[in-house]
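Single-letter residue listing:
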Amino acid sequence: MNMFGKIVLAAAAVSSAMVASAFAAGKVACVGNSITYGYGIESWPDQTSYPHHLQGMLRENAPSDTVENFGVSGLTVRKDDQASYWKGYRFAPAIEFAADTVIIELGTNDSKSYTTWNTPEQDAAVDSAITADFEALIDTFQVKSKPHVFICLAPYVNNVEWNILDTAVVKRVNPAILRAGLEKGVNVIDLHSRFSALENPSWYLEDMVHPSVEGAKHLAEIVYAHLQMDTLLVTQDGSTLRAPKGFGYQWYKDGKLLDGETLETLEVSEVGEYKVSVKVDEKTLSRIVTAPLKVEKTTALKPGAREIARENSAGVANMAKSVQRFDAQGRVLNARGPSHQKVYRKR
């Protein structure tokens, strides 16, 4: 079930003709490994890689949109890995491209680090490195420009010879990537739920890792559909903020995750920029982050604890003034004045 009307992320292909371009992608950097690069596709990169197909879909409604393929085969997201994307020849050009939209598809090769002889501590260390270095990569792209960032959960893979196994992707890699996406408040595209050889073997080459020509097109359609949802908005009613309808929520203030704020609505007591990550599909982990909503000083906000304490203190003081007693000449009487003296109270 999908909550967003026109855009249906079904298992069937999502045609670019189904939706008008609601999102100006601008300069798009497709960062990734061999799945992005187009490994095994003879006419790479001009005809059949997923970035090429994405270019065509975006330009149907936005002729100026430009997609650049920064994929490099065999690379990981972890900085300390010998085959790290951070050390690759396309890393610096990807940053210098100063993209308006960045799509990061890494993690498949990180699955090789999970072996049967690993200790639980070693597996946990790889988990942490994937999350931390994904977060660092997101931050690095924010330095040169302020792009819309989409990170991808790795698609289905199964190649025993290369030690690229789907069990590691599902149990270790994708949860680590998702943690980074939630912490940094960026969009998440769940490729694993939408792109699998188990669903359609023709989408894959024989190695069961890389997309075929048909698969690259379908991959682009999935990414394109998510780009079109990057226009979700928060609504405000006084001190209450409301997220678009979805299947899960995480709120942020001034770019920082608000722990425990995972409901559809958020009560605010401070000015700032608020946004929310919305789980947009019941059967996938895909999430779209709304545009920031700036809560101004003039907004009628629910008072915080400090403001409530200040108001209560002022109220007690006013109450004390209201019970002061006066004599006929308007002089303040002691609390325990003579019992025969007539008492007046100011109104």
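Parameters and conventions
Residues numbered from 1 in each chain as written. Predicted model: local features only at pLDDT ≥ 70, side-chain atom pairs only at ≥ 80, totals over all residues. Heavy atoms only, no water. Core = buried A, V, L, I, M, F, W, Y, C linked by side-chain atoms within 4.5 Å. Buried < 20%, exposed > 50% of the residue type's maximum accessible area, 1.4 Å probe, protein only. Helix = DSSP H or I, 4+ residues; strand = E, 2+ residues; numbered from the N terminus. Axes fitted to C-alpha atoms, helices over the stretch in contact; angles between N-to-C directions. Parallel < 35°, antiparallel > 145°, perpendicular 65-115°, else oblique. Left-handed = near helix turned anticlockwise from the far one by under 90°. Contact = heavy atoms within 4.5 Å. Nonpolar A, V, L, I, M, F, W, Y, C, P; charged D, E, K, R; others polar. Expected span 1.5 Å × (residues − 1). Bend = angle between axes of the 7 residues up to and from the residue. Phe/Tyr/Trp six-rings, centres within 6.5 Å; stacked < 30°, edge-to-face > 60°. Lys NZ or Arg CZ within 6 Å of the ring centre and 35° of its normal. 1 Å grid on protein atoms, 1.4 Å probe; cavity = no way out; pocket = protein on both sides within 12 Å on 5 of 7 lines; lining within 4 Å. Points joined across faces, edges and corners; volume = space filled by probe spheres on them.

A. Just the nonpolar core, in detail. Within the largest apolar cluster, 42 residues are counted, with the highest numbers of intra-cluster contacts made by Val28, Tyr50, Leu54, Leu58, Ile103 and Leu241. Mapped onto this core, the elements with two or more residues apiece are strand 1 (27-32), helix 2 (50-59), strand 4 (148-153), helix 7 (213-227), strand 10 (249-253) and strand 13 (272-279). The element that contributes the greatest number of residues to this core is helix 7, accounting for seven residues. One finds Ala29, Trp86, Phe134 and Ile138 within the second-largest nonpolar core, a separate group that totals 35 residues.

B. Molecular detail of the packing of helix 4 (residues 120-144) against helix 5 (residues 166-184). In contact at an axis separation of 8 Å, helix 4 and helix 5 are set at 40° when each is read in the N-to-C sense. Comparing their axes, helix 5 and helix 4 come out oblique. For the pair helix 4 and helix 5, the crossing hand works out as right-handed. Mapping the contact onto sequence places Asp123, Ala124, Asp127, Ile130, Thr131, Phe134, Glu135, Ile138 and Asp139 in helix 4 and Arg172, Val173, Ala176, Ile177, Arg179, Ala180, Glu183 and Lys184 in helix 5. For the contact of helix 4 with helix 5, a count of residues per class yields eight nonpolar, one polar and eight charged.

C. Quick look at helix 5. With 19 residues, helix 5 ought to run about 27 Å at 1.5 Å a step, and its terminal C-alpha atoms sit 25 Å apart, in line with that. The largest bend along helix 5 measures about 35° and falls at Val173, with the proline Pro175 one to four residues further on. Those residues of helix 5 lying buried are Asp166, Ala168, Val169, Val173, Asn174, Ala176, Ile177, Leu178, Ala180 and Gly181.

D. A look at the packing of aromatic side chains. Here the structure, examined in full by the defined rule, presents six aromatic pairs. Between Tyr85 and Phe91, the aromatic rings sit 6.4 Å apart at their centres with planes inclined by 90°, giving edge-to-face as the arrangement. Both residues of the pair, Tyr85 and Phe91, belong to the buried class. Judged by centre distance (5.2 Å) and plane angle (35°), the rings of Phe195 and Tyr204 are tilted. You'll find Phe195 and Tyr204 in the same group, each marked buried. Joined through ring pairs, the aromatic side chains of Tyr156, Phe195, Trp203 and Tyr204 make up one cluster. Lying across the ring of Tyr252, Lys275 places its NZ or CZ 5.7 Å from the centre.

E. Fine view of the layout of surface pockets. Within this model, the largest pocket holds a volume of roughly 420 Å³. In terms of lining, the largest pocket is formed by 21 residues, of which the most central are Gly185, Lys275, Val289, Thr290 and Pro292. Elements represented by at least two residues in the lining of the largest pocket include exactly strand 4 and strand 13. Broken down by element, the lining of the largest pocket gets its largest block of residues, three residues, from strand 13. When grouped by side-chain class, the residues that make up the lining of the largest pocket number eight nonpolar, seven polar and six charged. Counted as a void, the second largest pocket has a volume near 220 Å³. With four residues, helix 5 is the single largest residue contributor to the lining of the second largest pocket.

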